[in-house]
Amino acid sequence: MIIFLIDLKKHTLNEPLIFFFLFFGLLISLISYNSSYSKIGEMKFIIKYILIFPAAFYIGQWIVQNLPKRKFLKAIEITMALDIFMAFLLFIYPISFLYNDRGELSGFQGTFLEAGWFSLVLGALTLTSILIRLDYGLKFTNFHYLLYFFAIVSQFLSKNKTIWLALLIIMFFLVFIKIFISEDSKIKKSVLKLRKINSFNFIAIAILFLIVFFSINLMLDKPIISIAMIEEKLNDERGKAFLAAITLLQNSDWLGSYGFGFIQQYFSVYTDEIIGLDADSSMIFNSYLDVWISVGLIGLLYHIILLKMSFSISHLFTLIIPVYWFIFSNTNPTMGIEEYYLFLGIAYGLTLNNKKEEIN
């Protein structure tokens, strides 16, 4: 609200962006409200889509347009350091009101609800620090190298699999996208440097990354990836949830639109057990299937437009971060957290900065 009032006073309010969020927020809320199916906590999602998520996106784009890059990065890196510190502290001494104790499922997660969310957000913070420094030619100090080292250690301790998959896919994506990068004044030098990198080097790095990862994985008492874990994911968790989601879409003639909160209602009485989906689950693992089931193709269109607005080859950040969140959205309910919109908003703000630089 403060940022909104500042922009209103300065006559710099991004009115098209506000109209976009209000239009789609109200539209998908009406789609949900019009559904006759039983739902749990529908109003929570409506409030988020009309107020919380647009606010997070608007704040993200506003920060990078109004704060010096050094101050912005300082905030990002302090947040990283605090998240890592709290993760180690609570792993050693879990303080009850700060730590979400999930019994056997509890892990290296800090103040986050679970280890997966800790890994996801820490990965986004780490990439933001590295990519924006590269984009704007800001130097890396010993503090940054130490911070990144502890971030990598924390990722291993979180035992999250998707973060490593995301980094690997991003490497191959860069090999592909660099074919389409041409000399252009609108593109940062950091992106142009991708053209000079031999694709073989990228593939070699990816292979080395896999070797190092699986070497460490084999040395762990409880490996991050194992045959038993993969079988469980396919037969009792994500694979099983995917089939249940497809069945729901088939039963609606592929239109979805069951309404926000239907997922929680449906799986609270679902007779076949699926790991991770029960009366407490408000979203399924794949965000795109979830939004399709909840508010139909209009919901999918909304999120595709958000990605399109945030994606650009002008910066390394705008090239990589939307892809990063897209990958996680296919394996986690990331569209239900504010950080998804915050970081896409930052990417959108950088693209607006680039357009302003062109005009000037």
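A.B. asks: A description of empty space enclosed by the protein should follow, citing residues and the corresponding values.
C.D. replies: All chains considered together, the criterion is met by 1 cavity of 30 Å³ or more. Taken as a whole, the largest cavity holds about 40 Å³ of empty space. Secondary-structure elements contributing two or more residues to the lining of the largest cavity are α3 (42–66) and α13 (287–310). Per-element tally for the lining of the largest cavity: the top contributor is α13, with 3 residues.

A.B. asks: Pulling in residues and values, what's your account of the pattern of salt bridges?
C.D. replies: For the coordinates displayed, the defined rule picks out 5 salt bridges. Across the pair Lys 233 and Glu 237 runs a salt bridge whose closest N-O atoms are separated by 2.8 Å.

A.B. asks: Residues and numbers for the nonpolar core, please.
C.D. replies: Of all hydrophobic cores here, the largest spans 106 residues; its most connected members are Leu 174, Ile 293, Phe 317, Tyr 324, Trp 325, Tyr 340 and Tyr 341. Once residues lying within four places of it in the same chain are set aside, the contact partners of Leu 174 are Leu 194, Phe 202, Leu 319 and Ile 320.

A.B. asks: How would you explain a negative patch on the surface if you had to name every residue and give the values?
C.D. replies: Negative charge collects at one region of the surface, where Glu 232, Asp 236, Glu 273, Asp 278 and Asp 280 lie side by side. Tracing the backbone through its elements, the reader meets Glu 232 in helix α10 (residues 227–236). Owing to a relative accessible area of 38%, Glu 232 belongs among the partly exposed residues under this scheme.

A.B. asks: Quick rundown of unusual backbone geometry? Include the residues and the values.
C.D. replies: Phi is mostly negative for residues that are not glycine, and the peptide bonds are mostly trans. The phi torsion at Asp 253 lies on the positive side, around 60°, for a residue other than glycine. Inspection of the secondary structure assignment puts Asp 253 in the loop between α11 (238–251) and α12 (262–268). In this structure, Ser 257 takes a positive phi of about 65° despite not being glycine. Its place among the elements puts Ser 257 in the loop between α11 and α12.

A.B. asks: Could you give me a rundown of helix α9 (residues 199–219), with the residues and numbers involved?
C.D. replies: Over its 21 residues, α9 runs 31 Å from end to end, which matches the ideal 30 Å to within 8%, given 1.5 Å per residue. Tucked into the core, α9 has its buried residues touching α6 (142–158), α7 (162–177) and α8 (189–196).

A.B. asks: Which residues make up the side chain of Thr 318, and what values do they have?
C.D. replies: For Thr 318, the location among the structural elements is in helix α14 (residues 316–329). For Thr 318, a relative accessible area of 0% gives the class buried. There is a polar contact of 2.8 Å between the side chain of Thr 318 and the backbone oxygen of Ser 312. Polar contacts involving the side chain of Thr 318 include one to the main-chain carbonyl oxygen of His 315, which spans 3.1 Å. Beyond its immediate stretch of four places on either side in the chain, Thr 318 contacts Ser 310, Phe 311, Ser 312, Ile 313, Ala 347, Leu 350 and Thr 351.

A.B. asks: Could you give an account of α3, naming the residues involved and the relevant values?
C.D. replies: For α3, with 25 residues, the first-to-last C-alpha span of 35 Å sits near the 36 Å given by 1.5 Å per residue. The sharpest bend along α3 reaches about 50° and sits at Lys 48.

A.B. asks: Run through the layout of surface pockets, naming residues and quoting values.
C.D. replies: Of the volumes computed, that of the second largest pocket is approximately 890 Å³. For the second largest pocket, the lining is made up of 31 residues, of which Leu 127, Ile 130, Leu 131, Leu 167 and Met 171 are closest to its centre. In terms of residue class, the lining of the second largest pocket is built from 25 nonpolar, 5 polar and 1 charged.

A.B. asks: So what's going on with the packing of aromatic side chains? Which residues, and what values?
C.D. replies: Tallied over the entire structure, the rule returns 40 aromatic pairs. Considering the side-chain rings of Phe 53 and Tyr 341, the 4.1 Å spacing of their centres and the 15° angle between planes classify their relative orientation as stacked. One end of the pair, Phe 53, is in helix α3; the other, Tyr 341, is in helix α15 (residues 338–359), with 288 residues separating them in the sequence. Residue classification places Phe 53 among the buried residues on the basis of a relative accessible area of 1%. A relative accessible area of 0% places Tyr 341 in the buried class. Pairing Phe 112 with Phe 118 gives two aromatic rings, centres 6.0 Å apart and planes at 65°, and the pair type is edge-to-face. Residue class for Phe 112 comes out buried when judged on its relative accessible area of 15%.

A.B. asks: Describe the side chain of Gln 109, naming the residues involved and giving the relevant values.
C.D. replies: Following the sequence through the fold, Gln 109 ends up in the loop between α4 (69–92) and α5 (115–135). Using a relative accessible area of 0% as the deciding quantity, one classes Gln 109 as buried. From its side chain, Gln 109 meets the backbone oxygen of Asn 100 in a polar contact 2.9 Å long. A distance of 3.3 Å separates a polar atom in the side chain of Gln 109 from the backbone oxygen of Leu 113. The residues touching Gln 109, leaving out its near neighbours within four places in the chain, are Tyr 99, Asn 100, Glu 114, Ala 115 and Phe 118.

A.B. asks: Can you tell me about a nonpolar patch on the surface, naming the residues and giving the values?
C.D. replies: Together, Phe 85, Leu 89, Phe 91, Ile 92 and Tyr 93 line one region of the surface with nonpolar side chains, adding up to about 590 Å² of accessible area. You can see Ile 92 is positioned in helix α4.

A.B. asks: Break down the environment of Val 212 for me, with residues and values.
C.D. replies: Here Val 212 lies in helix α9. Here the alpha-carbon distance between Val 212 and Thr 351, two residues 139 residues apart in the chain, equals 35 Å.

A.B. asks: So what's going on with the packing of α5 against α6? Residues and values would help.
C.D. replies: In contact at an axis separation of 10 Å, α5 and α6 are set at 155° when each is read in the N-to-C sense. Between α5 and α6, the crossing angle belongs to the class labelled roughly antiparallel. When you trace α5 past α6, the crossing you get is left-handed. Contact with α5, carried on its side by Ala 115, Phe 118, Ser 119, Leu 122, Gly 123, Thr 126, Ser 129, Ile 130 and Arg 133, involves His 144, Tyr 148, Ala 151, Ser 154, Gln 155 and Ser 158 of α6 and no other residues of that element.

What counts as what
- Residues numbered from 1 in each chain as written.
- Predicted model: local features only at pLDDT ≥ 70, side-chain atom pairs only at ≥ 80, totals over all residues.
- Heavy atoms only, no water.
- 1 Å grid on protein atoms, 1.4 Å probe; cavity = no way out; pocket = protein on both sides within 12 Å on 5 of 7 lines; lining within 4 Å.
- Points joined across faces, edges and corners; volume = space filled by probe spheres on them.
- Helix = DSSP H or I, 4+ residues; strand = E, 2+ residues; numbered from the N terminus.
- Salt bridge = Lys/Arg side-chain N within 4 Å of Asp/Glu carboxyl O.
- Core = buried A, V, L, I, M, F, W, Y, C linked by side-chain atoms within 4.5 Å.
- Buried < 20%, exposed > 50% of the residue type's maximum accessible area, 1.4 Å probe, protein only.
- Contact = heavy atoms within 4.5 Å.
- Patch = residues over 30% accessible without salt bridge, like charges linked within 9 Å, V, L, I, M, F, W, Y side chains within 5 Å.
- Areas by Shrake-Rupley, 256 points an atom, 1.4 Å probe, with all protein chains shown as cover.
- Lys, Arg positive; Asp, Glu negative; His and termini not counted.
- Charge placed at Lys NZ, Arg CZ, Asp CG, Glu CD.
- Expected span 1.5 Å × (residues − 1).
- Polar contact = N/O pair within 3.5 Å; in protein donor to acceptor, adjacent residues only side chain to side chain.
- Bend = angle between axes of the 7 residues up to and from the residue.
- Nonpolar A, V, L, I, M, F, W, Y, C, P; charged D, E, K, R; others polar.
- Phe/Tyr/Trp six-rings, centres within 6.5 Å; stacked < 30°, edge-to-face > 60°.
- Axes fitted to C-alpha atoms, helices over the stretch in contact; angles between N-to-C directions.
- Parallel < 35°, antiparallel > 145°, perpendicular 65-115°, else oblique.
- Left-handed = near helix turned anticlockwise from the far one by under 90°.

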